[in-house]
Amino acid sequence: METMKAVVYRGHETIELTDRPIPTLLAPEDAIVRVTRSTICSSDLHILHGSVPRAKEGIILGHEFVGVVTAVGENVKKRRVGERVAVNVETFCGDCFYCRRGYVNNCEHGGWELGCRIDGCQAEYVRVPMADQGLHPIPQSVSDEDALLVGDVLSTGYWAAQIGEIEPASAVAVLGAGPTGLCTMMCARLYSPACIIAVDVNDERLAAAKENGLCDVTLNPSRDDVEARIRALTDGRGADRVFEVAGAKDTFETAWRIARPSAIVVLVALYAQAQSLPLHLMYGKNLTFKTGGVHANACGDILKLIQAGRLNTAPLLTHHAPLNDALTGYRTFEAMRDGCIKWVITPYER
Ligand SMILES: [Zn+2]
Ligand SMILES: [Zn+2]
């Protein structure tokens, strides 16, 4: 049996780089993809720390990647061997009650499977089920790296901005300037808000957001009175739209406090703990909360926007190293060491 290198989840707080068999087609809807670039995502850390109870021990981690198709099952109609593809974080059938309504995260036959319930992409090859839905061809003028975040964090930012119903000239606040927060800011820009306010305790990340034109104002809660500053920026009202992408101890509370009356508050964060919703304190504020995991069904549109130069995630890809160094990557990414925003895994070097 031919083997490959892979990062395997061994249970609470334990991962290892080890040898695993190269995957083969198991169903006629499957494809096999040779991974050319993958990443470490905050959700991988959530699995490692035990805050994703549905994650299975013994699986290969990783769910954000691009690659080249090396095999397709007989029922795969749209993809061909040799194509460069961006891969959707979600496995979905495209045909059930939820998929037909665009709610692919709630697919009756899938959801977030790769790197959680089935083997993921921190490896040399991946089996992708329901490949006609999960794989998107990368346009020739778009590099693998430029397409790397399409299936996961960029899809999340795109979906968040979409359900946030941002109106032109509005004030948008984004809590969290990590990879998903930065993608949310980038996608919020597509709707022409007057002002994007980035909030984070990490000055390096705030600076990256500002320097790359992803936000207009930066606030650091360890220094700034965020609520007062946002009121001052919005004629005393508060933000028109709030995106909670931080998932820290008190960021949920900040999110509803900085929202103006009748605002939309989008909760993108995956919380490690229960949150309290003190409705008695917000009575009459008439907030709309939207929550959940991305319905990643816009990869084709996102690739078009990258091709058109409207979305560019290159500034987020701060670190590159081969699969050999993935465990170092986990530590560096989690500690945000050396300004690490995104750790890109390049192919294993023998
Ligand atoms: Zn992810
Ligand atoms: Zn479905």
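In this text the structure is predicted, and so the values were computed from the model without any measurement.

The rules we used
- Residues numbered from 1 in each chain as written.
- Chains lettered and ligands numbered in written order.
- Predicted model: local features only at pLDDT ≥ 70, side-chain atom pairs only at ≥ 80, totals over all residues.
- Helix = DSSP H or I, 4+ residues; strand = E, 2+ residues; numbered from the N terminus.
- Rg over C-alpha atoms; globule rule 2.2 N^0.38 Å.
- Buried ≥ 20, exposed ≤ 12 C-beta atoms within 10 Å, placed from the backbone.
- Contact = placed C-beta atoms within 7 Å.
- Pairing = 2+ DSSP bridges.
- Axes fitted to C-alpha atoms, helices over the stretch in contact; angles between N-to-C directions.
- Right-handed = clockwise from strand over helix to strand, strands pointing away.
- Core = buried A, V, L, I, M, F, W, Y, C linked by C-beta atoms within 7 Å.
- Domains from an automatic or database assignment.
- Arc of directions from axis to C-beta.

What follows deals with the overall build of the chain. When helices and strands are tallied, the chain shows eleven helices and 17 strands. Computed over its C-alpha atoms, the radius of gyration of the chain comes to 20 Å, within 12% of the 20 Å expected for a compact globule of 350 residues. Along the three orthogonal principal directions, the C-alpha set of the chain runs to about 65 × 40 × 40 Å. Each of the 350 residues in the chain was classed as buried or not, and the buried ones make up 48%. Taking the contacts inside the chain whose residues are at least 6 apart along the sequence as the reference set, 68% of them involve residues at least 24 apart.

Bringing unusual backbone geometry into the picture now. Phi is positive for E165, which is not a glycine, with a value near 45°. Structurally, E165 is set in the loop between α5 (153-163) and β10 (171-175). Judged by the 14 C-beta atoms lying within 10 Å of it, E165 is partly exposed. You will see that S192, though not glycine, has its phi angle at about 55°, which is positive. Tracing the chain through its elements places S192 in the loop between α6 (179-188) and β11 (195-199).

Here we take up the sheet that holds β11. What the six strands build is an open sheet, ordered β12-β11-β10-β13-β14-β15; its pairing is parallel. The sheet terminates laterally at β12 (217-219) and β15 (288-291), the two strands that pair on one side only. Recorded for the sheet is a direction-independent mean angle of 20° between the axes of neighbouring strands. The sheet contact formed by strand β13 (residues 239-244) and strand β14 (residues 259-267) spans five bridges and is parallel. Across the sheet, the residue bridging to E244 is L267, located in β14. Contacts from helix α8 (residues 226-233) reach β10, β11, β12 and β13 within the one sheet, and its direction differs from that of β11 by about 175°. In the packing of helix α9 (residues 251-258) onto the sheet, contacts are made with β10, β13 and β14, and the angle to β13 comes to roughly 165°.

Moving on: the pairing of strand β16 (residues 319-322). Where β16 and strand β17 (residues 343-346) come together, four bridges link them in parallel fashion. Following the sheet pairing, P322 is matched in β17 by T346. Note on the crossover from β16 through helix α11 (residues 326-335) to β17: the handedness is right-handed.

One finds V33, A173, V174, M185, I197 and A239 to be the most contacted residues of the largest nonpolar core, which totals 106 residues. In terms of domain composition, this core takes at least three residues from each of domain 1 (3-152 + 295-346) and domain 2 (155-291). If near-sequence neighbours (up to four positions away) are discounted, I197 is found in contact with A171, V172, A173, C215, V217, L219, I230, L233 and A239.

Further remarks concern the domain arrangement of the chain. Taken as a whole, the chain is organised into domain 1 (3-152 + 295-346) and domain 2 (155-291). Listed as interface residues are 23 residues of domain 1 and, on the opposing side, 17 residues of domain 2. Breaking the side of domain 1 that touches domain 2 down by element, the ones donating at least two residues are α1 (42-48) and α10 (299-307). If you tally residues by element for the side of domain 1 that touches domain 2, the top one is α1, at three residues.

Let us now look at helix α7 (residues 203-211). For α7, the set of buried residues is R205, A208 and A209. Viewed along the axis of α7, the buried residues span an arc of 100°, placing them on a single side of the element. Summarising the contacts, the buried residues of α7 are in contact with α6, β11 and β12. Of the residues one or two after α7, G213 is the one with positive phi, at around 70°.

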